[in-house]
Every structure is written in structure tokens, then in C-alpha cells.
Amino acid sequence: MSTETFSADWLSLREPFDAAARAEAAVRLRLGARLDALRPPAGTPWRVIDLACGTGANQRWLSPHLQGPQEWLMVDHDDSLLRRVPDPASGVAILRQRLDLMASLETLPWHAAHLVTASALLDLVGTAWLQRLVAACASARVPLLLALSVDGRHLWQPRDPLDEEVAALFAGHQRRDKGLGSALGAQAANTLLPALRKAGYSVVQARSDWRVNGLRDAAGPYLLKSLIDGMADAAVEQDAGQAAAVRGWQARRRDLATTTRLRVGHVDVLAWPR
Ligand SMILES: C[S@@+](CC[C@H](N)C(=O)[O-])C[C@H]1O[C@@H](n2cnc3c(N)ncnc32)[C@H](O)[C@@H]1O
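Residues numbered from 1 in each chain as written. Predicted model: local features only at pLDDT ≥ 70, side-chain atom pairs only at ≥ 80, totals over all residues. Heavy atoms only, no water.

## Things to note about the packing of aromatic side chains
1) Next: Inspection of the entire model under this criterion finds two aromatic pairs.
2) Next: Taking the centre distance of 6.1 Å and the plane angle of 65 degrees together, the rings of Trp 10 and Trp 210 count as edge-to-face. Separated by 200 residues along the polypeptide, Trp 10 in helix α1 (residues 8-29) and Trp 210 in strand β7 (residues 210-213) bring together distant segments of the chain.
3) Next: With a centroid separation of 5.8 Å and an interplanar angle of 85 degrees, the aromatic rings of Trp 156 and Trp 249 are classed as edge-to-face. Of this pair, Trp 156 sits in strand β5 (residues 144-157) while Trp 249 sits in helix α10 (residues 243-255), placing them 93 residues apart in sequence. No difference in accessibility class separates Trp 156 from Trp 249, as the two residues are buried. (Phe/Tyr/Trp six-rings, centres within 6.5 Å; stacked < 30°, edge-to-face > 60°. Helix = DSSP H or I, 4+ residues; strand = E, 2+ residues; numbered from the N terminus. Buried < 20%, exposed > 50% of the residue type's maximum accessible area, 1.4 Å probe, protein only.)

Written out as C-alpha cells, the structure is:
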């Protein structure tokens, strides 16, 4: 088992691409109207639990969609990320809690929450952990918004002959245990949806794909290079015998970063008790 760490730089590089992807998904989810229907009674602030909050990107994106006063419990096991969660605008209070979601998931205040949310978390977790999450939420009848779960699609333009092989090695690496059980990787949303329905939830999902354009987006080439390096390192760790071929792919892809377009498949899921 390895505990994966996430750099604040990587989280900040991806934040605008996450935000654009979520804005597209929000329309298809009819997120505004559906959140409005889940709103707590007048005079009560939204109480939200953000699982694996990193530096707070999920809160920054979601707070304006909730509207009104809010109290966020921001949970992560990485203190260096938690300390970087900035204080939000007035009307939104946050509490930072350092917690290992594997060891202590059930200790969170599920019954006090109006919404449980996470972004870019589910690929790291295993089936048993997902079932624990669903059980905790179902017992409190609390809605969930789980954003930006990867679904395994990497659509490169232009293509490279090694794209599929690197993607397969990367997917294998993604399924390693990162501290939350044998990771589901791209299968997380497919596993979550039936579990939620079985637990009495209505569920909607929408694609929240990253669309990265190395020519058009100022940060595009940086995100692409970071992603290419991460995929190549994971692929080599997965099969050292492929190192030379993978490093060749990495070099070709880096050279093309300013003219590459890439779509990375993600899914957003909103669920509420029936
Ligand atoms: C890809 S980052 C996403 C961060 C943030 N939600 C965002 O969208 O920017 C995954 C987060 O999961 C956290 N994490 C991983 N394993 C964890 C665990 N066992 N307990 C708590 N947090 C964990 C990491 O520290 C990291 O902040």
C-alpha cells in the first residue's frame, strides 16, 4: 500500500480546468434547481462536509451555487494542504479537520450535515470504503455531490501510437491501494451508482470532462506536461520493462504540448434520499 500525496501546485494547476468541467456538468445535472430543492430550512445555514478537500477547490466552486449562509467542515489527512485552505468570503464559515478517511470515516457528523461532497477523490478509494460512505450517508439521509471522478477516457489530438498502452499501464497503477483500499480507479462511479440506488437514493450523473487545449489555454501546456509526466512515471512504475518506450512517448508528448488537445473523462454524481 502506498499513500499518495498531492502537491498544492498540481491542485492549483487543475483548478480552472476542474471548474470549467463542473460548470458544463452543472447544467446537465440541473444542479442549481436540485440544490435549491435540498436547501435547509430558512434561517439554517447549509452544513456541508467536504471529504478530502485538499486546498479547498471544491468549496470555492460549490459555495456560490449553494447561496446563503454556509458552514463547511473541510476534511483531509494532509495537514500541509489543509493549512492552505483560504478563509472564504463572508457568510461562509469553514472548519478544517485533519482526519484519515480510512481509519475515521464513521466519526464525521453525518447527521448534522445537509450535504456531503468530494471532488477528485473516488478513483483513490476501494469498494469497501465506498460502501462505508454510502452506509454513513444513508443512515443520516444526507444528499451527496461527488464531482470529477475519472472514467478512464483520454482522448488525445493528435494521437500517438503508444497512447493506449500508456493509458492501460496508468490505469493499472491507478488501481493500486492508496490508503483507502484497492483503488477502483475509473470504475468508481460505476460502483457507486448501484450502491446509492440500493441504499434508497435517487441519482443523476453528468460528464465533467477536462477539455485541455495546449494552443488556446494559457495554462494548457503546463497542465498537459504535468499530466504526461505523471502518467509516464506511473506507467514505468507499473511495468519497468516498458520504460524506454514510455519515456519515448513522454518526450514526444511533451514536445507537442503547445499544440495538443486532450479530453480527460470525468463524471459528476448528485444523489438525494428518495
Ligand atoms: C486529487 S486530491 C483532490 C483534492 C480536492 N478535493 C480538489 O478537488 O482539489 C485528493 C485528496 O485526497 C486526500 N486524501 C487521500 N487519502 C486520504 C485519506 N486517507 N484521508 C483523508 N484525505 C485523503 C489527499 O490529501 C488530497 O487532498
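## As for the pattern of salt bridges
Opposite charge on two side chains permits pairing when their charged atoms draw close.
1) Next: Scanning the entire structure with this criterion turns up 18 salt bridges.
2) Next: When the shortest N-O distance is used, the salt bridge between Asp 151 and Arg 153 registers 2.8 Å.
3) Next: What makes Asp 151 partly exposed here is its relative accessible area of 24%.
4) Next: Note that Asp 233 and Arg 247 form a salt bridge whose closest N and O atoms lie 2.8 Å from each other. (Salt bridge = Lys/Arg side-chain N within 4 Å of Asp/Glu carboxyl O.)

## Regarding the site of the ligand
1) Next: In the neighbourhood of the ligand, 16 residues make up the surrounding shell, with Ala 52, Asp 76, Asp 100, Leu 101 and Ser 119 lying closest.
2) Next: One of the side-chain N or O atoms of Asp 100 is found 2.9 Å from a nitrogen atom in the ligand.
3) Next: At 2.5 Å, a side-chain N or O of Ser 119 approaches an oxygen atom of the ligand.
4) Next: Starting from 590 Å² of accessible surface for the ligand in isolation, the protein chains cover 98%.
5) Next: Here the shell around the ligand is composed, by residue class, of ten nonpolar, three polar and three charged. (Near = heavy atom within 4 Å. Polar contact = N/O pair within 3.5 Å; in protein donor to acceptor, adjacent residues only side chain to side chain. Areas by Shrake-Rupley, 256 points an atom, 1.4 Å probe, with all protein chains shown as cover. Nonpolar A, V, L, I, M, F, W, Y, C, P; charged D, E, K, R; others polar.)

## Thoughts on helix α3 (residues 57-66)
1) Next: All of the buried residues in α3 are Asn 58, Gln 59, Trp 61, Leu 62, Ser 63 and Leu 66.
2) Next: Two residues or fewer past α3, Gln 67 is found with a positive phi of approximately 60 degrees.

## Describing the side chain of Asp 268
1) Next: Take Asp 268: it is sitting in strand β8 (residues 261-273).
2) Next: Polar side-chain contacts of Asp 268 include one of 2.7 Å to the backbone nitrogen of Leu 148.
3) Next: A polar contact is formed between the side chain of Asp 268 and the side chain of Ser 208, at a distance of 2.6 Å.
4) Next: Not counting residues up to four positions away in its chain, the partners in contact with Asp 268 are Arg 22, Ala 25, Leu 29, Leu 146, Ala 147, Leu 148, Val 204, Gln 205, Ala 206 and Ser 208. (Contact = heavy atoms within 4.5 Å.)

## What about the environment of Pro 45?
1) Next: For Pro 45, the location among the structural elements is in the loop between α2 (31-38) and β1 (46-51).
2) Next: Sequence separation between Pro 45 and Pro 69 is 24 residues; the distance between their C-alpha atoms is 4.8 Å.
3) Next: In this structure Pro 45 touches Pro 40, Pro 69, Gln 70, Glu 71 and His 114, once residues within four positions along its chain are discounted.

## A short note on the nonpolar core
1) Next: Leu 51, Leu 108, Trp 110 and Leu 133 are the most contacted members of the largest nonpolar core, which totals 38 residues.
2) Next: Put simply, the parts of the chain that give this core at least two residues each are β1, β2 (70-76), β4 (115-119), α6 (127-140), β5, α8 (188-198), β6 (201-207) and β8.
3) Next: Considering every element that reaches this core, the biggest residue donor is α6, with seven residues.
4) Next: Here Leu 51 is in contact with Val 75, Leu 101, Leu 108, Trp 110, Val 116, Thr 117, Ala 118, Leu 121, Trp 129 and Leu 133, once residues within four sequence places are set aside.
5) Next: Residues Trp 10, Leu 169, Ile 228 and Val 246 belong to the second largest nonpolar core, which totals 29 residues. (Core = buried A, V, L, I, M, F, W, Y, C linked by side-chain atoms within 4.5 Å.)

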